[in-house]
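Geometric and topological summary
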Amino acid sequence: MTPQLPGPLGSDATIGILGGGQLGRMLALAAARLGLKCHVFSPDPASPAFDVVHRVTCADYADTSALDRFAEDVDVVTYEFENVPAESAAFLSARRPVLPDPHVLAVTQDRLAEKRFVQDLGIATARFAEVDDPAMLAPALAAIGRPAVLKTRRFGYDGKGQVLLREAADPARAWDEVGHQPCILEAFVRFEREISVVAARDRAGRVACFDVTENEHRDHILKISRVPAAVSPAVEAEALAIAGKIAAAFGYVGVLAVEMFVVAEGAGHAVLVNEIAPRVHNSGHWTLDGASASQFEQHIRAVAGWPIAVPRRHGRIEMVNLIGEEVAEAAAWLEVPGAAVHLYGKGTVRPGRKMGHVTRLLPD
Ligand SMILES: Nc1ncnc2c1ncn2[C@@H]1O[C@H](COP(=O)(O)OP(=O)(O)O)[C@@H](O)[C@H]1O
Ligand SMILES: [Mg+2]
């Protein structure tokens with residue numbers, strides 16, 4: 001049983017955040033601006049979010065005595081990381097309100113459950129088949145056709161845990177490459193562009209979406225987000241409606257992001273949902289500098305039981321991620337007029353690691 005939600009949090013309140021990455025760091029900064037405190041729980045002693053909050057717990061997500069003390073110290077719990085173990089979320093939700101509700105995690109942690117959830121809402125996805133073991137791969141390939149993408153059901157991010165199967169690719173090798181785990185096989189989508197919608201929903205059920213954002217990936221990692229997306233008014237309306245429908249179906253409280261493919265179809269376009277992130281999202285980082293309220297503020301407002309904002313975008317905006325060694329480019333960006341530089345304070349550079357981002361307001 002989830003504890004009764006408290007009334008709107010006051011300025012002495014503390015929000016507990018599970019996960020200590022840059023998303024948790026930016027959430028905590030937004031909370032501070034609104035006069036709220038945060039307590040970050042993360043197993044990683046080098047968590048970027050630890051640097052900006054007063055109280056931290058460095059412990060494993062399965063450490064129930066640490067979770068218990070954390071729950072004692074906070075008024076509500078949220079997360080910046082969707083792979084929090086279900087048992088930990090359940091443990092916490094017996095003690096404090098956890099927002100968004102952990103049932104959302106059960107769906108979004110599993111690509112198969114997520115795809116079925118989306119399809120049950122009447123929303124299109126890539127065609128897919130369940131692949132629990134190697135014997136299921138050949139019939140799945142026959143049904144889906146090639147090229148296809150084999151993805152682990154759980155724990156994938158930034159393209160990790162996925163393999164493209166072209167005409168000549170050996171299915172047995174693909175199964176080895178994903179580490180012999182339950183998977184889904186998806187039809188490869190020849191998309192015209194990738195877009196996302198970052199949506200906020202508050203406890204009263206009000207939904208506010210940021211404008212549709214266009215995303216360019218390099219090596220499966222987001223590199224550039226541009227807003228507004230170069231899509232037709234019909235695609236824009238459909239994308240916004242999809243995000244609102246998903247948020248409402250979850251009874252969601254907080255910010256979520258929906259990644260979508262735009263595919264040419266006849267004279268128009270189809271919009272397919274690729275993934276749901278039950279948290280603030282990299283493609284919404286532009287909102288820190290490019291909108292009257294950021295995605296981080298929206299999330300904090302919602303979990304605090306406050307009304308969400310009706311955000312206004314400031315213009316045409318581009319956000320560039322600084323990935324791995326690209327963090328060295330920050331020095332040059334500091335000299336660029338109008339550029340807003342964000343660095344996450346990560347001590348160690350690794351290939352593919354998100355180190356910071358830069359936002360620019362472009363001329364119309
Ligand atoms: N079925 C697909 N067809 C074409 N491209 C895909 C497909 N699935 C994923 N991709 C590409 O790989 C990127 C990462 O895949 P995604 O499913 O979003 O996993 P994650 O972001 O969790 O690693 C997508 O943004 C897209 O560029
Ligand atoms: Mg993705």
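Per-chain numbering applies: the sequence of each chain, read as written, is numbered from 1 onward. Whichever chain is written first becomes A and whichever ligand is written first becomes 1, with later ones labelled in order. Only residues with pLDDT of at least 70 are given local features in this predicted model, and only at 80 or more are side-chain atom pairs given and counted; all residues enter the totals for whole chains, interfaces and linings. Side-chain metrics in this entry use all non-hydrogen atoms of the structure; hydrogen atoms and water are not considered.

Turning to helix 6 (residues 137–144), its buried residues number three or more, namely Leu137, Ala140, Leu141 and Ile144. Buried residues in helix 6, looked at end-on, bunch into an arc of 100°, giving them a common side. Exposed residues lying more than 90 degrees from the buried face of helix 6 are Ala138, Ala142 and Ala143. Structurally, helix 6 contributes buried residues whose contacts are with strand 5 (128–131), strand 6 (148–152), strand 7 (162–165), helix 7 (171–177) and strand 8 (183–187). Just downstream of helix 6 lies Gly145, where phi reads positive at about 85°. A 1.4 Å probe rolled over the protein chains alone gives each residue an accessible area, and that area as a share of the maximum for its type sets the label: buried under 20%, exposed over 50%, partly exposed in between. Per the convention used, a helix needs a DSSP run of H or I reaching at least four residues, while a strand needs a run of E reaching at least two, with both numbered from the N terminus. Throughout, the arc means the angular range of directions from the helix axis out to the C-beta atoms. The contact definition used throughout considers only heavy atoms, calling two residues in contact when any of these lie within 4.5 Å.

Remark: helix 2 (residues 64–73) packs on helix 3 (residues 86–93), axes separated minimally by 10 Å, with the N-to-C direction vectors making an angle of 40°. Viewed along their axes, helix 2 and helix 3 adopt a mutual orientation that is oblique. Like other packed secondary-structure pairs, helix 2 and helix 3 cross with a definite hand, here right-handed. Between helix 2 and helix 3, the residues in contact are Thr64, Leu67, Asp68, Phe70 and Ala71 and Ser88, Phe91 and Leu92, respectively. In terms of residue class, the contact of helix 2 with helix 3 is made up of 5 nonpolar, 2 polar and 1 charged. Lines fitted to C-alpha atoms define the axes, with helix axes restricted to the stretch in contact, and inter-axis angles between N-to-C directions lie between 0 and 180 degrees. Each angle receives one of four descriptions, namely roughly parallel if under 35 degrees, roughly antiparallel if over 145, roughly perpendicular if within 65 to 115, and oblique otherwise. For any pair of crossing helices, the crossing counts as left-handed if the nearer helix is rotated counterclockwise from the farther one by less than a right angle, and right-handed if it is rotated clockwise. Under the scheme applied, nonpolar residues are Ala, Val, Leu, Ile, Met, Phe, Trp, Tyr, Cys and Pro; charged residues are Asp, Glu, Lys and Arg; polar residues are all the others, including Gly.

Now for the coordination of the magnesium ion (ligand 2). Ideal coordination angles are 109.5 degrees for a metal with four donors arranged tetrahedrally and 90 or 180 degrees for a metal with six donors arranged octahedrally. Around the magnesium ion (ligand 2), the protein contributes the donor atoms Glu259 (OE) and Glu275 (OE), at 2.1 to 2.3 Å from the metal centre. Separated by 16 residues along the polypeptide, Glu259 in strand 13 (residues 254–265) and Glu275 in strand 14 (residues 268–277) bring together distant segments of the chain. Residue class for Glu259 comes out buried when judged on its relative accessible area of 15%. Given the relative accessible area of 22%, Glu275 is considered partly exposed. Listed donor atoms are N, O and S within 2.8 Å of the metal (Na, K and Ca: 3.2 Å). As water is not included, a site may look incomplete.

With that out of the way, let us pick up the pattern of salt bridges. We define a salt bridge as a contact between a side-chain nitrogen of Lys or Arg and a carboxyl oxygen of Asp or Glu at a distance within 4 Å. Under the counting rule described, the total for this entry stands at 24 salt bridges. With a closest N to O distance of 3.6 Å, Arg25 and Asp51 form a salt bridge. Taken together, the positions of Arg25 in helix 1 (residues 22–33) and Asp51 in the loop between strand 2 (37–42) and strand 3 (55–58) put the pair 26 residues apart, joining distant regions of the chain. What makes Arg25 buried here is its relative accessible area of 15%. Overall, Asp51 belongs to the exposed group, its relative accessible area being 55%. Asp110 is the partner of Arg153 in a salt bridge, and the nearest nitrogen-oxygen pair spans 2.8 Å. Of this pair, Arg153 sits in the loop between strand 6 and strand 7 while Asp110 is found in the loop between helix 4 (103–108) and helix 5 (111–120), placing the two residues 43 residues apart along the sequence. Within the structure, one salt-bridge network assembled from shared partners comprises Asp110, Arg116, Glu130, Asp132 and Arg153.

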